[in-house]
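Chain residues, written in single-letter form:
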Amino acid sequence: MAAHTSDDWWRSAAIYQVYVRSFADGDGDGTGDLAGVRAKLPYLAELGVDALWFTPWYLSPLADGGYDVADYRAIDPAFGTMAEAEKLIVEARGLGIRTIVDIVPNHLSDQHPWFRAALAAGPGSPERELFHFRPGRGEHGELPPNAWPSQFAGETWTRVEDGEWYLHLFTPQQPDLNWAHPAVRREHEDVLRFWFERGVAGVRIDSAALLAKDPELPEFVEGTDRHPYIDRDELHDVYRSWRAVADEYGAVFVGEVWLPDSERFARYLRPDELHTAFNFTFLTCPWDAARLRASIDDTLAEHAPVGAPATWVLCNHDVTRTVTRYGRTDTGFDFAAKRFGTPTDLDLGTRRARAAALLSLALPGSVYLYQGEELGLPEADIPLDRIQDPMHFRSGGVDPGRDGCRVPLPWTAEPWATPWLPQPGDWARYAADRQGGDPSSMLALYRRALLLRRSQPGFGDGGLTWLEAPEGVLAFAREDGLCCVVNLAAEPVPLPAHRALLLASGPLADGLLPQDTAVWLRA
Ligand code: NOJ
């Protein structure tokens with residue numbers, strides 16, 4: 001049930017992702033900041049979310065949008081100060097909104113004091129043991145130690161002046177930490193405590209399944225069951241100690257765990273490990289009734305044995321925005337398939353995104369909303385000379401990168417500063433101030449849906465029963481007679497028997513539910 005005030009708030013919560021750099025700009029320099037977030041807390045409270053997940057707000061050279069952390073105990077001056085972060089956490093809590101911070105344990109920034117010290121100290125030094133430094137292969141060590149595939153396109157090793165190479169699964173500015181080293185574990189437990197002491201209620205764990213590496217650094221062999229760096233068994237011991245720390249504070253974790261194997265995925269959610277993990281199966285699922293139903297069933301089945309609640313996610317700061325994706329011919333999401341100029345029908349995509357909002361908010365568990373999703377923002381086309389995302393450059397310019405979903409939000413139809421990424425010319429129509437007064441807007445739909453979800457104990461954590469429905473229609477019941485029906489088929493369908501129509505994602509046609517429309521009913 002949607003019990004946002006109880007200890008198990010996280011089992012049902014609606015969590016809003018704040019990409020600070022692009023959320024709200026308090027000082028007019030074009031970059032979002034903590035002053036901007038504080039000013040928008042009433043907006044977030046009115047929207048009806050239970051928690052905010054902040055993407056990294058720490059000191060960072062921003063080589064990867066802040067996922068290159070130079071100091072976990074400092075706020076980047078572009079965003080504000082530690083004192084402001086502390087105030088923000090308290091003010092948000094005063095409005096009933098909890099704070100979740102993002103911890104990036106797999107790697108640091110190359111500007112972090114640890115890495116600078118490792119570079120200075122040279123081969124064989126204890127400072128280098130905190131990372132994965134190795135001599136190269138080949139006669140003169142001119143070849144990287146192995147050919148591991150990168151998480152971003154491109155190389156995974158960089159050679160330093162003294163001839164050694166260091167591992168980075170992402171960009172060269174993000175050296176991987178050596179999780180077999182006790183100091184790395186100690187430091188992160190300390191960082192967790194630092195933020196829990198400041199009233200943070202949860203932590204999102206970046207790249208959560210990548211931390212442990214096979215110390216022999218063997219080549220990755222397709223088809224083998226043990227990957228040299230993904231989902232290694234020794235990781236669970238790390239998360240068990242993290243859980244013990246979180247339990248002291250009543251705080252919770254959400255892991256970024258992209259794993260196709262549901263049994264392996266569920267291991268991270270055992271009762272003494274992480275509380276929740278993002279549902280990437282649902283996020284990447286095409287707009288297709290049978291596929292969605294299978295994805296929902298698989299999700300619930302994989303979570304059930306460990307007693308963890310599911311999470312439902314349609315989009316985040318790494319993937320194509322929902323209305324754009326759902327308006328395409330291929331409505332799934334795949335990093336490898338991202339290309340410039342993929343056609344989309346935004347009206348269609350928006351209709352589907354509205355229906356998907358009601359679908360995901362009605363499913364059992366917690367739900368994540370990415371800033372701007374409530375405004376129905378499409379993916380923006382970023383002019384080539386303004387792109388900043390390393391994914392674009394590391395793909396040799398083939399992948400447009402992730403900037404298109406990271407454009408600063410249009411709060412007002414009249415922009416008041418020049419945003420760090422350009423807003424498309426027609427974004428005035430998505431502005432929050434325009435949508436606020438329009439009952440047919442995406443914002444109005446989200447507000448009503450979140451309010452209802454919160455007031456109806458049948459939503460949030462709990463069970464789900466599929467109802468009989470024609471092909472192409474998803475219909476399920478929750479407790480207290482609540483049900484959700486989504487029509488993905490071409491023909492309009494009659495609504496099942498009900499006492500009240502609580503909410504519809506679009507107009508009904510003569511009492512029938514048209515294609516790409518969803519309703520919440522009370523039976
Ligand atoms: C996942 C984050 O969501 C993404 O934005 C980042 O680039 C990588 N992890 C590396 O930290």
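Here, the structure is the one placed above.
A. Examining the packing of helix α5 (residues 182-197) against helix α6 (residues 235-249) more closely. Between α5 and α6, the least distance of the axes is 10 Å, while the angle of their chain directions is 25°. Taken together, the axes of α5 and α6 lie roughly parallel to each other. In this structure, α5 crosses over α6, and the sense of that crossing is right-handed. Contacts from Arg185, His188, Glu189, Leu192, Arg193, Phe196 and Glu197 of α5 reach α6 at Asp237, Val238, Ser241, Trp242, Val245, Ala246, Glu248 and Tyr249.

B. Molecular detail of the packing of aromatic side chains. Tallied over the full model, the rule gives 32 aromatic pairs. Considering the side-chain rings of tyrosine 16 and phenylalanine 23, the 5.9 Å spacing of their centres and the 75° angle between planes classify their relative orientation as edge-to-face. As far as the burial class goes, tyrosine 16 and phenylalanine 23 line up, both buried. Between phenylalanine 131 and phenylalanine 133, the aromatic rings sit 6.4 Å apart at their centres with planes inclined by 85°, giving edge-to-face as the arrangement. Members of the aromatic cluster, joined through ring pairs, are Trp53, Trp258, Phe278, Phe280, Phe333, Phe335 and Tyr368. Over the face of the ring belonging to tryptophan 420 we find arginine 21, whose NZ or CZ atom lies 3.6 Å from the ring centre. Stacked on the ring of phenylalanine 194, the Lys or Arg arginine 198 has its end atom at 3.7 Å from the ring centre.

C. Broad picture of the site of the ligand. What surrounds the ligand is a group of 13 residues, the closest being Asp64, Asp206, His317, Asp318 and Arg402. Within the side chain of serine 207, a nitrogen or oxygen atom sits 3.4 Å from a nitrogen atom of the ligand. Between the ligand and histidine 317, the relevant distance is 2.8 Å, taken from an oxygen atom to a side-chain nitrogen or oxygen of the residue. In isolation the ligand offers 300 Å² of accessible surface; the protein chains occlude 97% of this area. Tallied by class, residues from the shell around the ligand come to 3 nonpolar, 3 polar and 7 charged.

What counts and what doesn't
- Residues numbered from 1 in each chain as written.
- Predicted model: local features only at pLDDT ≥ 70, side-chain atom pairs only at ≥ 80, totals over all residues.
- Heavy atoms only, no water.
- Axes fitted to C-alpha atoms, helices over the stretch in contact; angles between N-to-C directions.
- Helix = DSSP H or I, 4+ residues; strand = E, 2+ residues; numbered from the N terminus.
- Parallel < 35°, antiparallel > 145°, perpendicular 65-115°, else oblique.
- Left-handed = near helix turned anticlockwise from the far one by under 90°.
- Contact = heavy atoms within 4.5 Å.
- Phe/Tyr/Trp six-rings, centres within 6.5 Å; stacked < 30°, edge-to-face > 60°.
- Buried < 20%, exposed > 50% of the residue type's maximum accessible area, 1.4 Å probe, protein only.
- Lys NZ or Arg CZ within 6 Å of the ring centre and 35° of its normal.
- Near = heavy atom within 4 Å.
- Polar contact = N/O pair within 3.5 Å; in protein donor to acceptor, adjacent residues only side chain to side chain.
- Areas by Shrake-Rupley, 256 points an atom, 1.4 Å probe, with all protein chains shown as cover.
- Nonpolar A, V, L, I, M, F, W, Y, C, P; charged D, E, K, R; others polar.

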